[in-house]
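Results of the structural survey
What follows is the residue order along each chain.
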Amino acid sequence: MLKVYTYAKCSTCRKAVKFLRDHKIEFKELPIRETPPSLPELKQALKSKDGQMRALFNTSGNDYRALGLSTKLPAMSDAEALNLLTGNGNLVKRPFAVDNEICLVGFDEEAWKTALV
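Below, the structure is looked at part by part. (Residues numbered from 1 in each chain as written. Predicted model: local features only at pLDDT ≥ 70, side-chain atom pairs only at ≥ 80, totals over all residues. Heavy atoms only, no water.)

1. Thoughts on unusual backbone geometry
Trans is the common state for peptide bonds, and a negative phi is the common state for residues other than glycine. The step from Arg-94 to Pro-95 runs through a cis peptide bond, and the omega angle for that step is -5°. By secondary structure assignment, the location of Pro-95 is in the loop between helix 5 (78-87) and strand 3 (96-98). With a phi close to 55°, Lys-24 is a non-glycine residue in the positive phi region. You can call Lys-24 exposed: its relative accessible area is 75%. Positive phi, normally seen in glycine, also occurs at Asp-50, with a value near 55°. Relative to the assigned elements, Asp-50 resides in the loop between helix 2 (39-48) and helix 3 (62-66). (Helix = DSSP H or I, 4+ residues; strand = E, 2+ residues; numbered from the N terminus. Buried < 20%, exposed > 50% of the residue type's maximum accessible area, 1.4 Å probe, protein only.)

In structure tokens:
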């Protein structure tokens, strides 16, 4: 089943959930702040983004800025960066949707249609 990690106050997450409901796609919604994606899920996402670690980060978030990740991230190993993401759901770009075959980071309606409909 598709797992969708969201943040209740995020308008983009609400759009993604509405999209899923409108298309009658079964999913399980999880709060991203309290239960960040697992390490295997993040590795799957990294692979789907062709190894572009920055694509997994919520670069406009307060935590990203507070940790100075715009300058630190390029020097981090994948293991260090993934460890940060598994420990802090605020750092993960949302919505984050994953199942055994699909991984979608952020909401792009056309990409979600292609992958899910």
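Moving on from the coordinates now.
2. Side note on the pattern of salt bridges
Under the definition given, this model contains four salt bridges. A salt bridge links Lys-113 to Glu-110; its shortest N-O distance comes to 3.9 Å. Taken together, the positions of Lys-113 and Glu-110, both in helix 6 (residues 109-116) and three residues apart, correspond to about one turn of that helix. Linked through salt bridges whose partners overlap, the residues forming this network are Glu-109, Glu-110 and Lys-113. (Salt bridge = Lys/Arg side-chain N within 4 Å of Asp/Glu carboxyl O.)

3. Remarks on the nonpolar core
Met-53, Leu-56, Phe-57, Leu-82, Leu-85 and Phe-96 are the most contacted members of the largest nonpolar core, which totals 24 residues. Mapped by element, the contributors of at least two residues to this core are helix 2, helix 5, strand 3 and strand 4 (103-105). Look past the residues within four positions of Leu-85 in its chain and what remains in contact with it is Pro-36, Leu-42, Met-53, Leu-56, Phe-57, Leu-91 and Val-92. Counting 13 residues, the second largest nonpolar core, distinct from the first, contains Phe-19, Leu-20, Phe-27 and Ile-102. (Core = buried A, V, L, I, M, F, W, Y, C linked by side-chain atoms within 4.5 Å. Contact = heavy atoms within 4.5 Å.)

4. Things to note about the packing of aromatic side chains
Summed over the entire model, instances satisfying the criterion amount to five aromatic pairs. With centroids separated by 5.1 Å and ring planes inclined at 75°, the aromatic side chains of Phe-107 and Trp-112 adopt a geometry described as edge-to-face. A relative accessible area of 1% means that Trp-112 is categorised as buried. Aromatic ring contacts, followed pair by pair, group Phe-19, Phe-107 and Trp-112 into a single cluster. (Phe/Tyr/Trp six-rings, centres within 6.5 Å; stacked < 30°, edge-to-face > 60°.)

5. Considering the environment of Arg-21
Here Arg-21 is to be found in helix 1 (residues 11-22). Overall, the relative accessible area of 54% leaves Arg-21 in the exposed class. A C-alpha to C-alpha distance of 13 Å links Arg-21 and Lys-113, two positions 92 residues apart in sequence. Among all residues touching Arg-21, those that are not within four sequence positions of it are Phe-27 and Glu-29.

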